[in-house]
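As a plain string of letters, each chain reads:
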Amino acid sequence: MKENRTLIEFRNFDFWYSEKQVLFDVNMKICPDCITALIGPSGCGKSTLIRCINRMNDLISCTRMKGRLLYKNKDINQKHIGVVELRKNIGMVFQKPNPFPMSIFENVAYGLKVQNIKSRSKIKETVEKSLKKADLWDEVKDNLNLSAFSLSGGQQQRLCIARALAIRPDVILLDEPCSALDPIATAKIEYLLKKLKKETTIIIVTHNMQQAKRISDNTCYLLNGKVIEYSKTDDIFHKPKYALTKKYLNGDFG
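All of the points below concern the structure found in this document. Note that the coordinates shown come from a computational prediction; the quantities given were computed from them, not determined experimentally.

Core analysis: the largest hydrophobic core is formed by 45 residues, its most contacted members being Leu131, Leu159, Ile161, Leu174 and Leu193. Per-element tally for this core: the top contributor is helix 6 (residues 153-165), with 6 residues. Setting aside chain neighbours within four positions, we find Leu174 in contact with Ile50, Val93, Ile161, Leu193, Ile202, Ile203, Ile204 and Val205. Core analysis: the second largest hydrophobic core is formed by 29 residues, Ile8, Met28, Ile30 and Met92 among them.

So this is what it looks like as structure tokens:
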């Protein structure tokens, strides 16, 4: 990993839902222009960790944290940090595709309109560019006014990625984006993510260890809310440092 280039950093970070502690003393640096995969058994804190990065956990009552979470060297949990601005820079794609109940075009244009961009030509240009980046343009260009719900599951997920890309985020968080998709749709998403890392930092939660191995540059293995091992993906899978990592990768538990 390029330790001298850090975009996001957890420093001695703990997180609780009410009285239940979910993350324990997380220390982790995420560098730009790469794909970082979070792996580990269900309930180990992967989704909670990425939801902390764009403060999605703010939407849940009775949460608290300790430690620091830095984005571009600024603590995102300071009171003066605007959550709306933060989420413009750090977009999110969820486990199940969640297109809005509107047309394909309006789904991608939505974030631009929220930002009060009024130029129709600018919106049209950005929608086309975003759909092309998401490898969806050729499939939908003649049907932009159709409902987003007319698309297949894989297309809907790529539409959600296009919607995130439209506002030009620095980071895209993906929480098991392929778990509801078939192998062909999954392969398209994986190909897309490998292309996108040239311009957008990607952090992906995945239960599919082979997926992490195929697409990520760095991998973090979490267990019971603790970072067990975090390294280059090739090292994690071929030269793990810790017995717990080796046991998980061998399928001994999880």
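Moving on from the model shown.
On to the environment of Met102, then. Looking at the element boundaries, Met102 is found in the loop between strand 6 (90-93) and helix 3 (104-114). Sequence spacing of Met102 and Asn145 is 43 residues, and the spatial spacing of their C-alpha atoms is 8.6 Å. Setting aside anything within four residues of it in sequence, one finds Met102 in contact with Asn107, Tyr110, Leu146, Ser147 and Ala148.

We now examine empty space enclosed by the protein. Under the definition given, this model contains 3 cavities of 30 Å³ or more. The space that makes up the largest cavity amounts to roughly 40 Å³. Lining the largest cavity are Phe13, Phe15, Cys52, Arg55, Asn57, Asp58, Thr63, Met65, Leu69 and Asn77. Element by element, the count of residues in the lining of the largest cavity is highest for strand 4 (residues 63-71), at 3 residues. Across the lining of the largest cavity, the residue classes break down as 5 nonpolar, 3 polar and 2 charged.

A few words on the sheet that holds strand 4. Read from one edge to the other, the open sheet built from 4 strands follows the order 2-1-4-5, with strand pairing classed as antiparallel. Strands with a single pairing partner mark the edges of an open sheet, and in this sheet they are strand 2 (20-30) and strand 5 (74-75). Packed onto the sheet, helix 1 (residues 46-53) meets strand 1 (8-17), strand 2 and strand 4 and runs at close to 115° relative to strand 1.

Quantified by volume, the largest pocket comes out at close to 640 Å³. Lining the largest pocket we find 19 residues, and of these Arg87, Gly91, Phe100, Tyr110 and Ile167 sit closest to its centre. Listing elements by their share of the lining of the largest pocket, those giving two or more residues are helix 2 (83-89), strand 6, helix 3 and helix 6.

Taken as a whole and judged by the stated rule, the model has 4 aromatic pairs. Ring centres of Phe100 and Tyr110 lie 4.8 Å apart, and the angle between their planes is 65°; on these two criteria the pair is classed as edge-to-face. Note that Phe100 is positioned in the loop between strand 6 and helix 3 and Tyr110 in helix 3, a separation of 10 residues in sequence. Taking 4.9 Å as the distance between ring centres and 15° as the angle between the ring planes, the aromatic pair formed by Tyr221 and Tyr248 counts as stacked. With a gap of 27 residues between them, Tyr221 in strand 9 (residues 218-223) and Tyr248 in helix 10 (residues 243-249) connect regions that are remote in the sequence. Across the pair, Tyr248 and Tyr221 agree in class, each one buried. Arg64 extends its terminal NZ or CZ atom over the ring of Trp16, reaching a point 4.1 Å from the ring centre.

Right, let's get into the pairing of strand 1. For strand 1, the buried fraction is high: 7 of the 10 residues fall into the buried class. Pairing analysis gives 7 bridges linking strand 1 to strand 2, with the strands arranged antiparallel. When the sheet's bridge partners are listed, Phe15 is paired in strand 2 with Leu23. Two successive antiparallel strands, strand 1 and strand 2, enclose a turn made up of 2 residues, where Ser18 displays a positive phi of approximately 55°. Pairing analysis gives 8 bridges linking strand 1 to strand 4, with the strands arranged antiparallel. In the sheet register, Arg11 faces strand 4, and the bridge partner there is Arg68.

With that settled, consider the pattern of salt bridges. Applying the stated criterion across every chain, the model contains 16 salt bridges. The shortest N-O distance in the salt bridge between Arg68 and Asp75 comes to 3.5 Å. Looking at Arg68, the relative accessible area reads 37%, which means it is partly exposed. Ionic pairing is found between Lys141 and Asp138, a salt bridge with its closest N-O pair at 3.9 Å. Taking relative accessible area as the criterion, Asp138 reaches 63% and is therefore assigned exposed.

A separate point is the state of the cysteines. One pass over the structure, following the stated rule, counts 0 disulfides. In this model Cys31 remains outside any disulfide bridge; the closest cysteine sulfur is found in Cys34, 3.4 Å from its own. Here Cys52 stays unpaired: no disulfide links it, and the sulfur of Cys220, its closest cysteine neighbor, is 13 Å away.

The rules behind each value
Residues numbered from 1 in each chain as written. Predicted model: local features only at pLDDT ≥ 70, side-chain atom pairs only at ≥ 80, totals over all residues. Heavy atoms only, no water. Core = buried A, V, L, I, M, F, W, Y, C linked by side-chain atoms within 4.5 Å. Buried < 20%, exposed > 50% of the residue type's maximum accessible area, 1.4 Å probe, protein only. Helix = DSSP H or I, 4+ residues; strand = E, 2+ residues; numbered from the N terminus. Contact = heavy atoms within 4.5 Å. 1 Å grid on protein atoms, 1.4 Å probe; cavity = no way out; pocket = protein on both sides within 12 Å on 5 of 7 lines; lining within 4 Å. Points joined across faces, edges and corners; volume = space filled by probe spheres on them. Nonpolar A, V, L, I, M, F, W, Y, C, P; charged D, E, K, R; others polar. Pairing = 2+ DSSP bridges. Axes fitted to C-alpha atoms, helices over the stretch in contact; angles between N-to-C directions. Phe/Tyr/Trp six-rings, centres within 6.5 Å; stacked < 30°, edge-to-face > 60°. Lys NZ or Arg CZ within 6 Å of the ring centre and 35° of its normal. Salt bridge = Lys/Arg side-chain N within 4 Å of Asp/Glu carboxyl O. Disulfide = S-S within 2.5 Å.

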